[in-house]
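Listed below are the residues making up each chain.
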Amino acid sequence: MGINASMYLPFSNWSVKPCHGEPAHGYFLRLVANEGHYSASVYANEIGLNGRRLTPEEALGTLLKLPINEDNKDTLRRFSPIADGAYYDLGGQRLRQRQMSFTTRRFCRACLADAPHHRVWWDILAFRKCPEHGTVIEDVDVAGQPIGWWWADITSDTSGNPLAAYAPSQADWHARSLEALIVERLTASPTTSWTLLGQYQLFEVIEACEYLGMWLGNDRTRMIPADPMEKLAVGMSALEGSRDDLVAAMHAWFIEMVPSQVRRDGKMESMGWAWNAWPKLPGTEIGNMLNQASNEAFEPIGKMGKKRFRETGDFYAERALSALAIELDIRMEALVPLARHLAVIPLSAEPWELDSAQADALRRAIADLIPSSEVTGILGLETWEWQNLVGSGRLVSFGHFALGRMFIRSEVEGFVKEVLDKVPVRDVESVSLRSFGRRKGLSVDAVLIQALDGKIATVRAASCADLRAIRVVAESRRRLNSRSVVHAPEVEVVTMAEAAAMVQLNHGTVSRLVELGALERAAGGVLRRESVLGFHRRFASAQIYRSTLGCMNFEVEDELSAIGVSTCFGLRNSSAVVERSAARRALGISCDPDDARVASSDLWEKFRAIAIKRCPMFTLPPTITEVGAKLRTATRKVVVDVSVDGVTGAISLGFDLHPTLTSRRWKIFEKRETEIREALGCMEWKASEDGAGWRLSWVVSDCGDLGSAADALSGMHRCFK
């Protein structure tokens with residue numbers, strides 16, 4: 001029977017005292033062990049807490065109820081991370097939430113031997129080596145298994161093996177390491193002078209170390225290098241001294257890694273992927289400092305060349321908006337489009353400053369932003385029923401915010417009012433937008449756009465205050481169905497999602513191709529099928545040639561470039577597009593990998609026929625190449641990996657659940673884990689490589705599994721839509 005927390009103290013004994021650097025969740029484990037328990041999860045459930053996911057805030061709130069002295073309580077408050085939006089407040093410092101992890105325990109064996117308690121700096125992912133002992137921070141036991149926070153014994157793993165191992169102190173191991181700076185900041189005991197870093201927040205310092213480590217610790221590449229944490233020491237080495245030392249380190253990299261001819265082409269070409277990463281850093285003070293230092297390092301040995309901004313106005317816009325971006329903690333690529341939409345940014349390319357009235361207008365608009373889920377409630381339509389209202393310009397969305405695409409509430413409500421005001425209330429025979437669209441093979445938003453353009457007659461039901469009130473007059477329905485009326489059949493157009501599946505490119509790339517004129521838009525925010533088919537006949541995603549090249553996906557563009565095949569439309573990386581004929585000639589093949597003669601599969605065709613009926617929310621391409629494809633819903637919230645075995649024809653469906661790689665899905669999974677495990681229990685659940693998440697898979701080897709696989713696909717949408 002659970003204990004009523006309002007009547008009893010959570011622990012019977014608190015003779016164990018909080019230690020220096022010990023957070024509330026670490027102290028909680030030691031108290032549980034002191035009670036004679038090994039499972040902190042079970043104990044937490046018994047005292048009314050969520051044992052499956054005990055947060056530092058919950059642990060702190062519980063421990064502050066104990067009759068321990070105020071000094072001990074102050075120690076717990078100081079070393080316990082407290083969530084604040086996208087940040088954690090810890091020891092007077094701020095850290096981004098993604099920079100800390102409480103999934104499994106991390107530890108230094110030598111520190112545990114000196115004093116057996118958890119140190120909060122071990123929870124910072126950038127903390128890789130102990131600055132006192134020079135030992136590596138570990139996160140698995142001797143068997144290679146992670147130790148969850150449910151295990152209450154700090155000094156041993158779940159098999160009873162001791163974690164502590166004595167090692168002599170090496171205070172001079174690296175006194176100017178990132179780890180040493182972190183400990184000094186959190187303990188407020190500075191012992192080192194940091195000429196360059198003393199003025200910046202801790203989260204900024206870590207981000208700068210990650211960025212500089214990947215840049216200065218690798219060759220010049222077009223693709224972002226893997227695992228930034230492995231190069232943190234390189235980044236810190238460049239930042240530990242003075243500004244002149246930083247400029248010298250950047251200068252040395254340009255000389256050593258970039259040929260002189262490339263340096264003459266410009267700074268952008270010289271930096272490679274590191275140039276494209278710049279927009280992620282400005283908006284923080286340290287990002288501006290790094291940009292200026294790189295200019296000083298490059299100017300004496302190269303030509304600055306191409307500017308980062310396509311237009312001069314972009315430069316002045318970011319400079320004028322930078323202070324507001326820092327104040328609101330909003331990425332610049334999110335703030336600039338919003339400012340343009342509100343006509344805050346002038347049309348001229350002359351220097352300008354943001355005045356108080358313009359800043360207030362931006363603040364009000366940002367406070368009025370709402371996610372797609374709230375737009376759905378205001379419009380009265382399901383998300384997939386109003387997506388093309390955005391593409392057609394009726395609604396304006398803004399990206400790069402923390403919650404994905406955002407909309408201004410007042411504009412959405414104004415749109416609904418404008419539509420309803422234009423439609424008369426009449427008692428005539430009519431049908432709903434959905435019924436009319438189903439009969440004509442049109443989406444609901446396409447029907448609504450036709451109504452707004454005056455192509456069909458509509459009336460409004462007085463009893464409804466959203467767009468569900470709009471109905472199509474029956475006379476218009478009969479007239480459009482009449483054989484005497486000649487009109488273009490709806491099969492001549494496809495949605496953006498259908499086009500993405502046909503050309504095997506992601507939705508964002510298809511949108512960019514529409515902007516460039518490579519794909520032709522029809523009325524209503526849809527695309528002309530013939531233009532999509534014509535594009536697909538001539539061009540292809542560079543990724544379909546990965547198997548032929550025998551390389552990794554991030555190497556495809558470089559490998560094709562090496563044999564003389566250049567990308568088209570200025571698209572790069574995983575979105576790169578190449579001309580099919582040029583790729584075939586260079587590779588010496590007669591058929592493209594996605595040609596129906598090569599990529600055909602009887603089992604896939606049968607699965608596709610079933611899946612289209614059972615789960616029409618997914619767009620399924622007609623063929624699957626050897627490198628596989630991704631099945632996406634129209635809203636692109638659910639993405640499933642699919643591949644077809646070239647020998648057996650077996651179909652493999654894959655779906656990832658991971659706290660960092662698929663954070664939105666993971667939050668849903670945590671809230672509804674029992675329900676989701678039951679709904680997707682037919683799939684194989686395998687722990688991810690880092691042990692933090694799950695990889696769900698289903699293999700279809702014969703026709704008897706097709707129906708179950710389609711149900712699994714539908715279940716993934718139902719659970720995570």
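For clarity, every value in this text was computed on a predicted model and none was experimentally measured.

Looking now at helix H23 (residues 496-503). Of all eight residues that make up H23, seven are buried, and the element is covered over most of its length. Those residues of H23 not exposed but buried are Met496, Ala497, Ala499, Ala500, Ala501, Met502 and Val503. On its buried face, H23 is in contact with strand S10 (493-494), helix H24 (507-516), strand S11 (527-528), helix H25 (529-538) and strand S14 (618-619). Positive phi appears at glutamine 504, one or two residues downstream of H23, with a value of about 55 degrees.

Taken together, the four bridges between strand S2 (residues 87-90) and strand S3 (residues 93-96) define a ladder with antiparallel strand orientation. In the sheet register, aspartate 89 faces S3, and the bridge partner there is arginine 94. Hairpin remark: S2 followed by S3, antiparallel, with two residues in the connecting loop; positive phi at glycine 91, about 55 degrees.

What follows concerns the confidence of the model for the protein. Per-residue confidence for the protein gives a mean pLDDT of 82; residues scoring 70 or more make up 90%. Within the protein, no element has a lower average pLDDT than helix H22 (residues 474-481), which sits at 48, and none a higher one than helix H5 (residues 109-114), at 94. Confidence over residues 1-7 falls short of pLDDT 50; this stretch has six contacts with residues more than four positions distant or in other chains.

Looking now at the pattern of salt bridges. Overall, the coordinates contain 28 salt bridges when judged by the stated rule. A salt bridge links glutamate 138 to arginine 109, with the shortest nitrogen-to-oxygen separation between them at 2.8 Å. With glutamate 138 in the loop between H5 and helix H6 (178-187) and arginine 109 in helix H5, the pair connects residues that are 29 residues apart, well separated along the chain. Of the charged contacts in the structure, one is a salt bridge between glutamate 530 and arginine 537, with a shortest N-O distance of 2.8 Å. The class of arginine 537 is exposed, set by a relative accessible area of 55%. Counted as one network, the salt bridges with shared partners bring together Lys630, Asp641, Asp656 and Arg695.

Now for the environment of threonine 623. Structurally, threonine 623 can be placed in the loop between S14 and strand S15 (629-633). A sequence separation of 28 residues divides threonine 623 from aspartate 595, and the C-alpha atoms of the two residues are 8.0 Å apart.

In this structure, alanine 343 takes a positive phi of about 60 degrees despite not being glycine. By secondary structure assignment, the location of alanine 343 is in the loop between helix H15 (332-341) and helix H16 (356-367). What makes alanine 343 exposed here is its relative accessible area of 62%. For glutamine 504, which is not glycine, the phi torsion reads 55 degrees and is therefore positive. Within the secondary structure, glutamine 504 is located in the loop between H23 and H24.

With that settled, the discussion passes to the side chain of aspartate 123. Structurally, aspartate 123 is set in the loop between H5 and H6. Lacking a salt bridge, the buried aspartate 123 has arginine 106 as its closest oppositely charged neighbour, with an N-O distance of 6.6 Å. A polar side-chain atom of aspartate 123 sits 2.9 Å from a polar atom in the side chain of histidine 25. Those residues in contact with aspartate 123, other than ones at most four positions away along the chain, are Pro23, His25, Gln99, Met100, Ser101, Phe102, His118 and Trp149.

Turn by turn, an α-helix covers 3.6 residues, leaving residues three or four places apart pointing in a common direction. For helix H13 (residues 285-298), which comprises 14 residues, the first-to-last C-alpha distance of 21 Å matches the rise-based estimate of 20 Å (1.5 Å per residue) to within 8%. Here the buried face of H13 lies against helix H7 (202-216), helix H8 (232-239), helix H9 (243-257), helix H10 (260-265) and helix H11 (267-271).

Once that is clear, we can look at the sheet that holds strand S1 (residues 82-84). One open sheet accounts for three strands, arranged S1-S2-S3; its pairing is antiparallel. Each edge of the open sheet is held by one strand with a lone partner, namely S1 and S3. In this sheet, neighbouring strand axes are inclined to one another by 35 degrees on average, regardless of whether the strands run parallel or antiparallel. With respect to the sheet, H7 is in contact with S2 and S3, its orientation differing from that of S3 by roughly 45 degrees.

The next point concerns the nonpolar core. Core analysis: the biggest nonpolar cluster contains 84 residues, and Phe28, Leu212, Trp215 and Leu246 have the highest contact counts within it. Of the residues forming this core, the biggest block, ten residues, is contributed by H7. Not counting residues up to four positions away in its chain, the partners in contact with tryptophan 215 are Met250, Trp253, Phe254, Met271, Trp273, Ala274 and Ser294. Within the second largest apolar cluster, 36 residues are counted, among which are Phe607, Leu653, Met683 and Leu696.

Spatially, six strands are ordered S14-S15-S16-S17-S19-S18 in an open sheet, and the strand pairing comes out antiparallel. Edge strands, defined here as strands with exactly one partner in the open sheet, are S14 and strand S18 (684-687). Sheet topology places strand S16 (residues 639-644) next to strand S17 (residues 651-657); four bridges connect them, and they run antiparallel. Each residue of the ladder has a partner; that of aspartate 641, found in S17, is glycine 654. Most of the contacts of helix H30 (residues 602-614) go to S17, to which it runs at about 60 degrees, and overall it touches S15, S16, S17 and strand S19 (694-700). Here helix H31 (residues 663-671) sits on the sheet and contacts S16, S17, S18 and S19; the angle it forms with S17, its principal contact strand, is near 80 degrees.

Reading the values: the criteria
Residues numbered from 1 in each chain as written. Predicted model: local features only at pLDDT ≥ 70, side-chain atom pairs only at ≥ 80, totals over all residues. Heavy atoms only, no water. Buried < 20%, exposed > 50% of the residue type's maximum accessible area, 1.4 Å probe, protein only. Helix = DSSP H or I, 4+ residues; strand = E, 2+ residues; numbered from the N terminus. Contact = heavy atoms within 4.5 Å. Pairing = 2+ DSSP bridges. pLDDT = per-residue confidence, 0-100. Salt bridge = Lys/Arg side-chain N within 4 Å of Asp/Glu carboxyl O. Lys, Arg positive; Asp, Glu negative; His and termini not counted. Polar contact = N/O pair within 3.5 Å; in protein donor to acceptor, adjacent residues only side chain to side chain. Expected span 1.5 Å × (residues − 1). Axes fitted to C-alpha atoms, helices over the stretch in contact; angles between N-to-C directions. Core = buried A, V, L, I, M, F, W, Y, C linked by side-chain atoms within 4.5 Å.

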